[in-house]
Amino acid sequence: MSQKVSRNAPCPCGSGKKYKNCCWSTYSVRAITSPADAGIEQIFGTAGQVELTEALITELAGRGWEERGLRSAREAGAVYSTVRNSLIFPPGVMWSPDD
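Here is a short report on the structure shown in this document.

Calculation rules
Residues numbered from 1 in each chain as written. Predicted model: local features only at pLDDT ≥ 70, side-chain atom pairs only at ≥ 80, totals over all residues. Heavy atoms only, no water. Buried < 20%, exposed > 50% of the residue type's maximum accessible area, 1.4 Å probe, protein only. Helix = DSSP H or I, 4+ residues; strand = E, 2+ residues; numbered from the N terminus. Arc of directions from axis to C-beta. Contact = heavy atoms within 4.5 Å. Salt bridge = Lys/Arg side-chain N within 4 Å of Asp/Glu carboxyl O. Core = buried A, V, L, I, M, F, W, Y, C linked by side-chain atoms within 4.5 Å.

1. Thoughts on helix 4 (residues 67-75)
The complete set of buried residues in helix 4 reads Gly 69, Leu 70, Ser 72 and Ala 73. All buried residues of helix 4 lie within an arc of 165° about the axis, which places them on one face of the element. Residues Arg 68 and Glu 75 are exposed on helix 4 and point more than 90 degrees away from its buried face. Where the residues of helix 4 are buried, they touch helix 3 (54-62) and strand 3 (86-88). Trailing helix 4 by a residue or two, Gly 77 shows a phi angle of about 95°, which is positive.

2. Considerations on the pattern of salt bridges
Under the defined criterion, the tally for this structure stands at five salt bridges. The shortest N-O distance in the salt bridge between Glu 54 and Arg 71 comes to 2.6 Å. A residue pair is termed long-range when its members are at least 10 positions apart, and Glu 54 in helix 3 and Arg 71 in helix 4 qualify at 17 residues. Between Glu 66 and Arg 68 there is a salt bridge whose closest N-O contact spans 3.2 Å. We classify Glu 66 as partly exposed; its relative accessible area is 42%. Several salt bridges share partner residues, and in doing so they unite Glu 54, Glu 67, Arg 71 and Arg 74 into one network.

3. A short note on helix 3
Residue pairs three or four apart in sequence face the same way in an α-helix, which turns once every 3.6 residues. Looking at helix 3, one finds that the buried residues are Leu 56, Ile 57 and Leu 60. Summarising the axial view, the buried residues of helix 3 lie within an arc of 100°, below the 170-degree limit, and thus occupy one face. Set apart from the buried face of helix 3 by more than 90 degrees, the exposed residues are Ala 55, Thr 58 and Gly 62. Looking at the buried positions of helix 3, the neighbouring elements they touch are strand 1 (49-51), helix 4 and strand 2 (79-81). Downstream of helix 3 by one or two residues, Gly 64 has phi in the positive range, about 105°.

4. What to know about the nonpolar core
Across soluble globular proteins, nonpolar side chains have a tendency to be buried as a group. Judged by nonpolar contacts, Leu 52, Leu 56, Ile 57, Leu 60, Trp 65, Leu 70, Ala 73, Ala 78, Tyr 80, Leu 87, Phe 89 and Trp 95 together constitute the single largest core of 12 residues. Those elements giving two or more residues to this core turn out to be helix 3 and helix 4. Ranked by residues supplied to this core, first place goes to helix 3 with three residues. Look past the residues within four positions of Leu 60 in its chain and what remains in contact with it is Leu 52, Trp 65, Leu 70 and Tyr 80.

This is how it looks when you write it as C-alpha cells:
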C-alpha cells in the first residue's frame, strides 16, 4: 500500500467494506508509544501477549504482515498482542518498519 487510507474509507481491495473492517489489521503495524496506549495496556494487561517466534512470524507473514518488519520488531524486543492484533514494544523503544 503506497497511499495512506483513512480507516473509515472504502477498502482499496474492492470488498465494499470500510478499510477498518477489512484489510486495516493486515497492513497495520502499530507500536505502543504514547501514555494513552500505556493506559490501554493497563486495561488489557499482558493477556494475549506472545513472543515473536519463527512460527508466529511465518503465520503473520501468511496473513499479509511484512516478514522483514516482524523480524526487525523481534530484534527490538517487541511482542505480539493477540488481543489487539498489534506489536507491543518495550517502553522507550523507537522503531519503524523500515529499521
